[in-house]
Amino acid sequence: PEQASPNARRDAARGERSPSKNKFLEGKAAGKTQGFDEARYDALDNWDPMVLDNLDKQKMVVRTADEEAIAQIKSVELYWSAVDSKVERGTLNAAGSGQRSVLPDVPLQQLNGINLRLAPPLPKVERDPEKDMELIETQLSEVRFDYLQSVGRAVVDYELKDDANCERLGIEIDHLNAGPGWWLSEEYMAPEWRVLRSTDVPNSNVHRAFVIMSRRLCVTETVMLELQGLWLEGTLEVDYNNNENNTAGDASTAGSGAMDGSPSANGAGGGKEPVCFSDLLFTDVSTPFFRQRLPLALDQFTSHIERKANNVRDTLKEHWVQAASTKLTSALQVMREENSFEEDDEQAPPPDYENDDNPLGVNATDYANDEDAEFDDWYNEHYGNEDGNAPAAGGAVITGDPAADALVRKRLASDGLYPPNSGGGGDDAEYNDINAGAMTEKSVVAAASMLMSRQLRSSCEESLMTFAAFFKRFANPAASGDSAFKLQLKLNDDYQAGSKVPLVVIEPSMDRLKQQVCTCIDQIVKATQKFPRVESGLDAEGAEAGTDAGAAADAGFAGAFMQKASQYLGPCTLAMDDEMVLRVKKIVEEEIERHWELPSNLVDEYNLFAQLAGGQTESQVTEMLMACQGGSETIQDLDNLSGLCEDLQGMVDTIRDATPDLCFYPMFMVNCFEAKQVLKKKAEGLRAQIVEHVSSANHVHMTDMCREYQDLAERLVEEPADSAELKSLQEFAVRAMEDLKRLESEYLLQVYERVRFLLEAEHRSSKEDLQLFNTTFNWPVGMKNYLARSRELQQQRKRHLQMVVEGQQEQLLRGMDALEKKVERIASHYDIMPPEVQAVYKRITNAKTEHETFLAEAESIKEQEELLQMPLTDNMSKLKEIKAALDPLDRLWTAVKDWVESNQTWQSDPLPTVDAEDAERKAADLMSTVIKVGKVMEKKGESRAAPKRVANKIAGEVKAFIEDSIPLMQLICTQGLKGRHWEEIINITGLDFEVNPATNLEQMLALNLQHHVAAIEDTCVAASKENALEKNMDKMEAAWANMEFGTKEWRGSRILSGIDEIQTELDDQIVKTQAMRGNRYIKPFEGRISAWEKTLVDLQDIMDNWLKVQATWLYLEPIFSSDDIMRQMPIEAKLFVTVDSTWRASMTETFDQPAVMAVAHREGLLEGLIDANKKLDTIQKGLNDYLETKMLAFPRFFFLSNDELLEILAETKDPTRVQPHLKKCFDGIAKIEFNENLDILSCFDPGKDAEQIPFYYEECEHKLINPKDSGGNVEKWLIEVEQIMKKSMAHLIDICVADYMVTDRIDWIQKWQGQAAIAVNQIMFTQKVEKAIRDSEASPGAGLDALQKELNEQLLSTVILVRGKLRKRLLTSIGALVVMDVHNAETTVQLSELKVEKATDFDWQQHLRYYHTDDRGSALSGEPGSIDCKMINASILYAYEYIGNNARLVITPLTDRCYRTLMGAIHLNLGGAPEGPAGTGKTETTKDLGKAIAIQCVVTNCSDGLDYKAMGKFFKGLASSGAWACFDEFN
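Owing to the predicted nature of the structure, the values given are computational and were not obtained by experimental measurement.

Draft legend 1. Seen up close, the packing of aromatic side chains. Tallied over the full model, the rule gives 34 aromatic pairs. Between the aromatic rings of Phe470 and Phe471, the centroid separation amounts to 5.3 Å while the plane-to-plane angle is 85°, which identifies the pairing as edge-to-face. For the pair Phe470 and Phe471, a shared accessibility class is recorded, and that class is buried. Plain terms: the ring middles of Phe1120 and Phe1136 are 5.0 Å apart, the flat faces sit at 15° to each other, and that makes the pair stacked. Separated by 16 residues along the polypeptide, Phe1120 in helix H34 (residues 1086–1120) and Phe1136 in helix H36 (residues 1130–1152) bring together distant segments of the chain. For the pair Phe1120 and Phe1136, one class covers both residues: buried. Through a chain of ring-to-ring contacts, the aromatic side chains of Phe290, Phe301, Phe467, Phe470, Phe471, Phe474, Phe485, Trp596 and Phe668 assemble into a single cluster. One Lys or Arg, Arg1051, reaches over the ring of Trp1050 and ends 5.4 Å from the middle of that ring. It is Lys1430 that lies over the ring of Tyr1411; its NZ or CZ is 5.3 Å from the centre.

Below, the structure written as structure tokens:
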């Protein structure tokens, strides 16, 4: 900005170029620039417990000024008292029980480093070593004390982050925050103060400052003017103007410094004239050469700026720094020759920091004081006042005020012109050279570096101004259309139909453009940083120039000085966070934002094509083409497609003319060609898709029509082979006429219309399509010829086929006559000898075959006569007559054949192989058939006399067989007849014969055994029954042959598996065996069946005991695998080892010999299993007694099954392996946090995003829990976990209540765990409701209305919070809190409507209320007491069970009624029994009431297996743990 006067401009330039002296001021300035809260930067100031932070006064309780001061003093005193206590007594450690650890001392390594940095004494000054060591020890003691005090303050500061600790210590943390210092006062920022008006600074001090500046800052030295002249008038000695990377090209703007873009007086700077160093800029954006290349892409622009800045940096380093080093070296040499410094013999060699004899070092305080004293003496000698008193001895005292002097020294030190902490020792001694001469030479070098850094800063500032002016010039109306950046208009990849994102986007985006341009500014600033100081060239040059002792001393000084001095120019060079850099960035960003509006308007112009890009147009095209799928377009469909093509063509024209391909705006050129091409191609593609679809559909349709015409033509002229084909051809010719009419209609309505559509759409058809269209057009004419040829062919073929049918009829008549004669010959045969029977049967079969052939031929002739329209011939009548004559004969002779063959088999086969029952049934069937056929033959008369005689004869033979042979066969034709049975038959009948395996029925009939049937019946029946029993026994024994006991591996042994089939078979055979033993016919096998029964019973006992042992062994084996269980139960462990060895041995033998019968006969197996079961019963009884002791020690174990409890007890060696079972003991704890020493620190709930509850050992005065201290007894440390859980919950709620008073509710919700937040929320709600009722006794309901509004506002703010991105556990806790808040709001509305006047009214008393007593009783004891939950007159103490972070049940009026009933019942030491239909929430309501009171609520489902023992165990747990139980489905 323009300045009013040269002085004002100079002051502004100084303010901008001088680096900030305080990081706090930089942060404050940046905060004002960026709009940050100033109070946040004030809190970052140096911490001063004696200063009150005025900014936080409004947050405190309103007090008077005196009370505030007293409170502040009290807080400060208590603070320092707490710090002293930490220093003296130490701080509490994690061991608990009030144990403390001493604060750590200064590490020895750091202490040695401090000693080594102490400066040695002056060689010329005599010192007392004892005093020096005493002084060093004093300083080291102070260092140790300050270190301990700092550690103590850090500990106290950490504790004060907890509001509960602030309250406990009585410290108000706001009183310990520092307010703004005097340097921020508006008074000292006034112009009068800045020009030192009315400062009361003595003139002597001003004069002294002038002398110091002249002697130490060297402002009057000639070399400074030479360096300034070099910067202003020094030129490059090389031609560096005529290339793309030219560094002098920015001379056109040199000296301008204006931010308005006005050109410099030096012209374009593109020639070969020498260029001054001061005219070199780090950017060439204002040169014609650069502007000729515009517009550039963003990447090209940034790379060019970076390359240009680096080239200028390299040029200055190579020429300017080297020239300045040469001038400074020459000037120092002249000053030495002119004896401008002190005499050589007065100069002492520089201190040797590396080869010091004193390892501890020596304090340089006296040395610095001596140097200042020398200067004072010299100053008083030359400028002393009349009375001879020196003005303000001590070096750089300026104001007389020590605090102000310290600030001035600090500023000089930050500029590198005055040693920091000149009164102290250590590294400061490096800046205090031996005498005034050495200090003056060093000051010359330092002053030169400062001057050069300011010159470099001026060039950087000029470059930044030029860069900003480049962007501001586009605001000039004359620059309209002058573009700097190439932008690209592209379709948005994220665009979707109906979305709010734009269709097209400009790339790069405005944010990226601003970021990259600001990066260019950073590159310019970065190019001016870390320039080498001129000292880099002094060391070598000084060593070459100095030959005498003085020069050697100077060179030695320069070398020693260079070891410690900074190697870069500074500190006046620009930093990235400098105010000017930020201002230039802001200007550039504002200009970009200003000119971005015009190109951004292009985005809206392309919204016209949203449907095209979003897919709606494509969907419309697809939908319309789908409707025309299959070539079934109507004229209306084609008209619609034509209209859509016209719309798409119009859209293409609109896209082409929407915007120019290249749009020029101030600063920006936007390339729209790519976006237009994409949209244009999409529209053209859709139009081409429609045309191509119609063309393809027409091609397919014409191809199908031509194929159909060809098929019709070929079928019409196909010659028929028979009358059926001829008939089919005639019918096809009729149908073909209809098909031809349809094809002609399709051609006119579809093919022709499509061709017309394609012509209108200017579609160029292929040669193939044209030929196909011509073929389709010519087919109707060709089909007329094919129809005529087909009619002629049909007439010719019909005449030929009629002649063929007549010939077939004549042949059929001859065949039927011959067949009729064959039947008559068969009817005259009557011989029934076996050979003759076979011959007759064969002739009958041949006659039947011929008859079937003639029948098929007659059907064929009849069909052809009908097809050829000939007179029908009656062949069927004669064929029926033949069949009627043939069928009786067929049945007769078939029966005769069967009788002859069967009778022969029954007579000759061995008796055991003959089936008597089958023979009886078959003989009866033959007899019935023969009798029926005989009757038929009798009706036909004499012509069938022979067949009738055959039928009668066969019927008589069969009848005799049935009466005589069948009874005997039923008795003797069986496998059960043994030798003893035949002997008995011989004795009974008195016949004499022998029986062998080949004995048959014919032999028995020859002996007339059929006459003794009644006598031998009992013997034969007994033989049959005995045979059946014997077969059953054989079958049962055979069933076990392949049966084996299956086993599988399990924990180093084997167990039975898959015995269901064995058990099923065993059960079945035992029943069968017992039934067989009671049979009257079992006597011959009585011994065998008894032995088999014993085997089966033994096998059953073995399996029963085996399975029982296996089940118990499987249960106990994992238990006794634990060394802890073996150690605690030695007797049972010994018994189990015995059983285990027996089990493993038997299973090994079973695996080797798995056959069931082998196991059943194994000796000693059953007895061993019975003994093992007895021992296992003893073991289980001892185990149950052991578990009972564990349950009594930790009552929550009663609610676990024995298996679950044993899993826990088996993991006592590693406490961390108990973690998976914690959920079974604690509803809200799924995991415990252990440290490396296994100390238990906190617990986590079961959620996915687990909530953590820290265990407050120190605050709750509880010993730190370590499972190692329990001696391996898990129940002991679980009891401790239960106690610390309840204590920590009580303490957590206490501090949460305190924090509620001082923290915003939204922040408070996110700060605390869910259960604590809900409990405190309900406590506060109870307090607010009762306060509102008390405050509005005069006007009932008024206070509740106000409370209702407050609760609604809180609820709305909570809902807004939930809509943000929150962690899952926070969402869960807020969800539960919202449920409670909604119910609280409804309760408040209800109370307001009822005009509740007193807190004792029933309308308020009927609700669940929480009352908190801040006595820390529950936090110290873990017992309920601090929170009283009341409902009407029922009162239950809050139990502090951690229930985890989970949802809460929505509270309805029915829920409140259930709460009231259950609360009253528990209050009276009774039980509650909610009753209602399934799914109404009985169990959930009971569980939720348990959550509300924070008591363990164990839910169990009462199944059929719940006996009195299980109930007794459950009630033991309830009585000893104090938990609630919910017995679900208790009926």
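Here the narrative resumes, following the displayed structure.
Draft legend 2. Spatial organisation of a nonpolar patch on the surface. A surface patch of nonpolar side chains, amounting to about 260 Å² of accessible area, comprises Ile635, Leu748 and Leu749. Locating Leu749 in the fold gives a position in helix H24 (residues 723–760).

Draft legend 3. Just the sheet that holds strand E10 (residues 1240–1244), in detail. As summarised here, the arrangement of the 3 strands in space is E9-E10-E11, forming an open sheet in which the pairing is antiparallel. One side of each edge strand has no neighbouring strand; the edge strands of this open sheet are strand E9 (1231–1234) and strand E11 (1252–1254). The sheet shows a mean angle of 30° between the axes of neighbouring strands, taken without regard to direction. In this structure, E9 lies alongside E10, joined through 4 bridges in antiparallel fashion. Bridge pairing links Lys1231 to Phe1244 in E10.

Draft legend 4. Region of interest: a positive patch on the surface. On the surface, Arg891, Lys932, Lys935 and Lys939 cluster together into a patch of positive charge. Top contributing element to the positive patch by residue count: helix H28 (residues 916–940), with 3 residues. As for its placement among the helices and strands, Arg891 is situated in helix H27 (residues 876–908).

Definitions and limits used
Residues numbered from 1 in each chain as written. Predicted model: local features only at pLDDT ≥ 70, side-chain atom pairs only at ≥ 80, totals over all residues. Heavy atoms only, no water. Phe/Tyr/Trp six-rings, centres within 6.5 Å; stacked < 30°, edge-to-face > 60°. Buried < 20%, exposed > 50% of the residue type's maximum accessible area, 1.4 Å probe, protein only. Helix = DSSP H or I, 4+ residues; strand = E, 2+ residues; numbered from the N terminus. Lys NZ or Arg CZ within 6 Å of the ring centre and 35° of its normal. Patch = residues over 30% accessible without salt bridge, like charges linked within 9 Å, V, L, I, M, F, W, Y side chains within 5 Å. Areas by Shrake-Rupley, 256 points an atom, 1.4 Å probe, with all protein chains shown as cover. Salt bridge = Lys/Arg side-chain N within 4 Å of Asp/Glu carboxyl O. Pairing = 2+ DSSP bridges. Axes fitted to C-alpha atoms, helices over the stretch in contact; angles between N-to-C directions. Lys, Arg positive; Asp, Glu negative; His and termini not counted. Charge placed at Lys NZ, Arg CZ, Asp CG, Glu CD.

Nothing here speaks to function; it is geometry throughout.
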